[in-house]
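# Results of the structural survey
Take a look at the letters that make up each chain.
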Amino acid sequence: MVSVHNFITLLTDISFESKDLKKYAHDDRLAVRKLGSRRAELFKQRLDDLRAAETLEDVRHLPGRYHELIEDRKGQWSCNLDHPYRLIFVPHENPIPANKHAQYVWLEIKGVEIVEIVNYHKEG
């Protein structure tokens, strides 16, 4: 009997812009040492949520407030870690799928690159 799980495509296409973020994703002790316990825990949870999603649309309403960024960060997405820090990522799709109104189509985004963990409200 063939398992239904063989037919589910997950958003497993996650890459990392920095070697450090990739290391934190695969080494819990290092993540806790570099990010702190709570931020490391939330970082891992957000990655698990992204990996379990078929498309970016599947995480839109999960805890973490996944949302598109605007202005100088247009084309990036953010989700909450511990306040005020955010996990920033971008879709692998290039160009980013958009409808005729230039709104991004979350349902068509199937892979992301983790860019950084940052407090972008402090920038500028």
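First, a word on what this report is: a plain description of the structure on this page.

Cut-offs and rules
- Residues numbered from 1 in each chain as written.
- Predicted model: local features only at pLDDT ≥ 70, side-chain atom pairs only at ≥ 80, totals over all residues.
- Heavy atoms only, no water.
- Helix = DSSP H or I, 4+ residues; strand = E, 2+ residues; numbered from the N terminus.
- Buried < 20%, exposed > 50% of the residue type's maximum accessible area, 1.4 Å probe, protein only.
- Contact = heavy atoms within 4.5 Å.
- Pairing = 2+ DSSP bridges.
- Phe/Tyr/Trp six-rings, centres within 6.5 Å; stacked < 30°, edge-to-face > 60°.
- Lys NZ or Arg CZ within 6 Å of the ring centre and 35° of its normal.
- Core = buried A, V, L, I, M, F, W, Y, C linked by side-chain atoms within 4.5 Å.

### A short note on the overall build of the chain
Across its full length, the chain carries three helices and five strands. Along its sequence from the N terminus, the chain presents helices and strands in the succession β-α-α-α-β-β-β-β. A buried classification covers 42% of the 124 residues belonging to the chain. By sequence separation, contacts in the chain at least 24 residues apart represent 54% of the contacts at least 6 residues apart.

### Some words on the pairing of strand S1 (residues 13-16)
Side chains Ile14 and Phe16 of S1 all project onto a buried face; the interleaved residues Asp13 and Ser15 project onto a face where none is buried. With four bridges connecting them, S1 and strand S5 (residues 111-118) associate as parallel partners. Each bridged residue has a counterpart across the sheet, and for phenylalanine 16 the counterpart in S5 is isoleucine 114.

### Quick notes on the packing of aromatic side chains
With the rule as written, the count across this model stands at three aromatic pairs. Between tryptophan 77 and tryptophan 106 the ring centres are 5.9 Å apart and the planes differ by 75°, which places this aromatic pair in the edge-to-face class. One end of the pair, tryptophan 77, is in strand S3 (residues 77-80); the other, tryptophan 106, is in the loop between strand S4 (86-91) and S5, and 29 residues separate them in sequence. Here tryptophan 77 and tryptophan 106 have matching classes, each one buried. Here the aromatic residues Trp77, Tyr104 and Trp106 are joined through ring pairs into a cluster of three or more. Positioned above the aromatic ring of tyrosine 85, the side-chain terminus of arginine 39 is 3.7 Å from the ring centre. The cationic tip of arginine 60 hangs over the ring face of tryptophan 106; the distance from NZ or CZ to the ring centre is 3.9 Å.

### So, the nonpolar core
Counting residues in each nonpolar core, the largest one holds 28 residues, and the members touching the most others are Phe43, Leu50, Leu56, Phe89 and Ile114. Elements that contribute at least two residues to this core include exactly S1, helix H1 (19-26), helix H2 (28-35), helix H3 (37-52), S3, S4 and S5. No other element matches the five residues that H3 contributes to this core. Setting aside residues up to four positions removed in sequence, phenylalanine 89 forms contacts with Leu50, Leu56, Tyr66, Gln76, Trp77, Ser78, Cys79, Val112, Glu113, Ile114 and Val115. In terms of nonpolar packing, the next biggest core, distinct from the first, is built from six residues, Leu69, Ile88, Val115 and Val118 among them.

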